[in-house]
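Observations on chain architecture
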Amino acid sequence: MKIQFIGATHEVTGSCTLLEVCGKKYLVDCGMEQGIDVFENVPIPVPANTIEAVFLTHAHIDHSGMLPKLYKDGFRGSIYATTTTCDLCNIMLRDSAHIQESEAEWQNRKAQRAGDDLVTPVYTLADAIGAISRFRPCEYGQVIQAEEGIVVRFSDIGHLLGSACIELWLTEDGVTKKIVFSGDVGNIDQPLIKDPLPVEETEYLVMESTYGNRLHERPGNTVGELAEIIQRTLDRGGNVVIPSFAVGRTQEMLYAIRQIKQEGMVHGHDSFPVYVDSPLAVEATGIFLQCDQSCFDEETAALVKQGINPIWFDDICLSVTSDESKQINFDKRPKVILSASGMCEAGRIRHHLKHNLWGEENTILFVGYQAEGSLGRKLQDGAQYVRLFGEDITVNAEIAALHGTSGHADQAGLLRWLAGFKEKPQKVFVNHGDDGACMIFQKLLTQMGYYAEAPYSGTEYDLINGRMTVFADSKPIRREEKTKGSARARAVYGDLLAAAEALLAFVKTCRGRTNKDNAKLASQIRNLIDKWK
């Protein structure tokens, strides 16, 4: 009986852990890495067709996104998840497959023009549909004999509708050990969903550390703050553009706007339109509307009992097709636009930024974490110009951030959930946090008397005998030049150096130009460097 750590070790995405029980193999999560990849991960060390089952904490792509690839490689076992997670994965994995196919198609158009080899998508829609067919819905609190030697229970962890902490009882040769996977621990007092439920006991705990090194800003009146931002923007005749993750955050924003409209918190604009411009967000909103009200927190359930739809109101406009999306820019009324992606790296939000960033009357409102290097982070950090669709766009719009909207528990929240155990776990494995957060949280737990480790990818641990069997050290990814190996590559690299030298020569001629022009050029150069880092 052993555990091997694969993904989300000293990193925030790509969650994946291998369990071996009675000689059979299982996964907890099978997520896609997103953003900057810092450390090398070992590949799943067994053939996909030998994996008996996957236990899934929640639907977010960094936890579920490689399930279609697993199916493509031969997996035909069961995927255990909560009922709502199954519903959300049904749309999210299809959407992810569409992205993989579109990305491959775009790369192949470039490759054909350059005479390079064609690429194949990581997986296709058919692979996603195949993976979806393997899902087995489970209810919160239900104790299930899932596989030989494995009993499982899902408990609400309050991160996303359907998200769960997974309790596993593993039995081999008459010995039973319990291990708990925290999944992503949710923040408290979020709209729509319940607070994280505690777990009473376990021997082993695999715990996330996304915010293990910091605290959230003290939450204020989030709905009141949103109302103020909408009020002043509409008073200027502008649009409030909200980059928002399609699943979870968009629905939370609709909940808040419904309250704002119901209570008349914005004056003089009673019927301001609210556009939801994301096919995935529209589908996810439908799932939120149809799910069992037992999934909701007390406040939301009370609204439903009163016949009030918590995330629906007059003047909401759903945009599914690209033509419907384009028509938003011809609506001259001051309005709110919710569109994906949340970090502005892809999706329709980039079109809305192109049409709204330059207008002083508009507001770009961030309601979630913006990763280093993302377009969203550049805007938050005060970029004066950004490049969208081959054009330099001046940033004149107000750039704002809504406080108290994180879906993750901060350090205090993680410790609060951990304190719910009646006795300290014998061992805590800290994962799912960047290197700094992971190490700080592990050291904090050690100081508090926990036996805590932060394993790197490839580390194996014997759960019966309680000892490490394989120690893996960190393997930072080396970003070496990819120009060696062909005459064409050397020629292209030579052209790149020549272009850089020409740019430097031009910059040296810019002394005496206007400050505005030089500032614009400097911003464009920095944006170019950030884009290619």
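These remarks concern the structure in this document. (Residues numbered from 1 in each chain as written. Predicted model: local features only at pLDDT ≥ 70, side-chain atom pairs only at ≥ 80, totals over all residues. Heavy atoms only, no water.)

This paragraph deals with unusual backbone geometry. For the bond from Ala 340 to Ser 341, the omega torsion is 10 degrees, close enough to zero to count as cis. Structurally, the position occupied by Ser 341 is in the loop between strand S15 (336–339) and helix H10 (349–356). Backbone geometry at His 10 places phi at a positive 60 degrees, although glycine is not the residue there. Along the chain, His 10 falls in the loop between strand S1 (2–7) and strand S2 (16–21). Residue His 10 is classed as buried on the basis of its relative accessible area, which comes to 2%. Backbone geometry at Leu 192 places phi at a positive 75 degrees, although glycine is not the residue there. (Helix = DSSP H or I, 4+ residues; strand = E, 2+ residues; numbered from the N terminus. Buried < 20%, exposed > 50% of the residue type's maximum accessible area, 1.4 Å probe, protein only.)

Moving on to a negative patch on the surface. Where like charges cluster on the molecular surface, the negative patch consists of Asp 189, Asp 195, Glu 298 and Glu 299. Checked against the element boundaries, Glu 298 lands in helix H8 (residues 298–305). On the basis of relative accessibility, which here comes to 71%, the residue Glu 298 falls in the exposed class. (Patch = residues over 30% accessible without salt bridge, like charges linked within 9 Å, V, L, I, M, F, W, Y side chains within 5 Å. Areas by Shrake-Rupley, 256 points an atom, 1.4 Å probe, with all protein chains shown as cover. Salt bridge = Lys/Arg side-chain N within 4 Å of Asp/Glu carboxyl O. Lys, Arg positive; Asp, Glu negative; His and termini not counted. Charge placed at Lys NZ, Arg CZ, Asp CG, Glu CD.)

Here we take up the sheet that holds strand S11 (residues 204–208). In spatial order, the strands read S7-S8-S9-S10-S11-S20-S21; together these seven strands make up an open sheet with mixed pairing. Edge positions in the sheet fall to strand S7 (144–147) and strand S21 (452–453), since each has one partner strand and no second. As paired elements, strand S20 (residues 427–431) and S21 share two bridges and run parallel to each other. Bridging across to S21, Phe 429 finds its partner in Glu 453. (Pairing = 2+ DSSP bridges.)

Moving on to the side chain of Glu 453. Tracing the backbone shows Glu 453 in strand S21. With relative accessibility at 18%, the residue Glu 453 sits in the buried group. Within the structure, the side chain of Glu 453 is placed 2.3 Å from the side chain of Lys 427, a separation counted as a polar contact. The residues contacting Glu 453, other than those within four sequence positions of it, are Lys 427, Val 428, Phe 429, Val 430, Gln 442 and Met 468. (Polar contact = N/O pair within 3.5 Å; in protein donor to acceptor, adjacent residues only side chain to side chain. Contact = heavy atoms within 4.5 Å.)

Let us now look at empty space enclosed by the protein. Following the criterion strictly, the structure yields two cavities of 30 Å³ or more and no others. Its volume calculated, the largest cavity comes out at about 100 Å³. Taken together, 14 residues form the lining of the largest cavity, with Ser 15, Asp 29, Phe 181, Gly 183 and Asn 431 sitting closest to its centre. Those elements that place two or more of their residues in the lining of the largest cavity are strand S3 (24–30) and S11. Of the residues belonging to the lining of the largest cavity, the class tally is three nonpolar, eight polar and three charged. Residue classes in the lining of the second largest cavity are distributed as six nonpolar, one polar and one charged. (1 Å grid on protein atoms, 1.4 Å probe; cavity = no way out; pocket = protein on both sides within 12 Å on 5 of 7 lines; lining within 4 Å. Points joined across faces, edges and corners; volume = space filled by probe spheres on them. Nonpolar A, V, L, I, M, F, W, Y, C, P; charged D, E, K, R; others polar.)

Let us look at the packing of helix H3 (residues 83–114) against helix H4 (residues 125–132). The description of two packed helices rests on the angle between their axes and on the distance between the axes. Running from N to C, H3 and H4 cross one another at 160 degrees; their axes reach a closest spacing of 8 Å. Classed by the angle they form, the pair H3 and H4 counts as roughly antiparallel. Crossing geometry of H3 relative to H4 is assigned as right-handed. Counting all contacts with H3, which are made through Cys 89, Asn 90, Leu 93, Arg 94, Ala 97 and Glu 101, the residues of H4 involved are Leu 125, Ala 128, Ile 129 and Ile 132. (Axes fitted to C-alpha atoms, helices over the stretch in contact; angles between N-to-C directions. Parallel < 35°, antiparallel > 145°, perpendicular 65-115°, else oblique. Left-handed = near helix turned anticlockwise from the far one by under 90°.)

If you roll a probe as big as a water molecule over the atoms, it shows you where there is empty space left. If you add up the space inside the second largest pocket, you get close to 380 Å³. Among the secondary structure elements, those contributing two or more residues to the lining of the second largest pocket are S1 and helix H2 (67–72). Here the lining of the second largest pocket is built from residues that sort into eleven nonpolar, four polar and three charged.

Spatial ordering of the open sheet is given by S6-S5-S4-S3-S2-S1-S22-S23, a layout of eight strands whose pairing is mixed. Only two strands of the sheet have a single partner each, and these edge strands are strand S6 (135–138) and strand S23 (467–470). Between one strand and the next, the sheet's axes are offset by a mean angle of 25 degrees, whatever the strand orientation. Summarising the sheet, S1 and strand S22 (residues 460–462) pair through three bridges and their orientation is antiparallel. Considered in S22, the bridge of Gln 4 is made with Glu 460.

What follows is about the state of the cysteines. Counted according to the given criterion, the structure contains zero disulfides. Between Cys 16, a cysteine without a disulfide, and Cys 30, which holds the nearest cysteine sulfur, the sulfur-to-sulfur distance is 4.8 Å. Among the residues examined, Cys 16 registers a relative accessible area of 4% and is labelled buried. Among the residues examined, Cys 30 registers a relative accessible area of 5% and is labelled buried. (Disulfide = S-S within 2.5 Å.)

This part takes up the nonpolar core. In terms of nonpolar packing, the biggest core is built from 75 residues, with Leu 67, Leu 70, Leu 88, Phe 135, Leu 226, Ile 230 and Leu 365 touching the most fellow members. If you tally residues by element for this core, the top one is H3, at seven residues. Contact partners of Leu 226, with chain neighbours within four places excluded, come to Met 253, Ala 256, Ile 257, Ile 260, Leu 365 and Leu 402. Counting residues in hydrophobic clusters, the runner-up holds 27 residues, among them Met 1, Ile 144, Ala 146 and Ala 164. (Core = buried A, V, L, I, M, F, W, Y, C linked by side-chain atoms within 4.5 Å.)

A separate point is H4. Buried within H4 we find Asp 127, Ala 128, Gly 130, Ala 131 and Ile 132. Contacts from the buried residues of H4 go to H2, strand S5 (78–82), H3 and S6.

This next bit is on the side chain of Asp 29. Here Asp 29 shows up in strand S3. Notably, Asp 29 is buried but unbridged: the nearest opposite-charge side chain belongs to Arg 136, and the N-O separation is 16 Å. Within the structure, the side chain of Asp 29 is placed 2.7 Å from the side chain of His 63, a separation counted as a polar contact.

Honestly, that's just the spatial picture; any functional story needs more than this.
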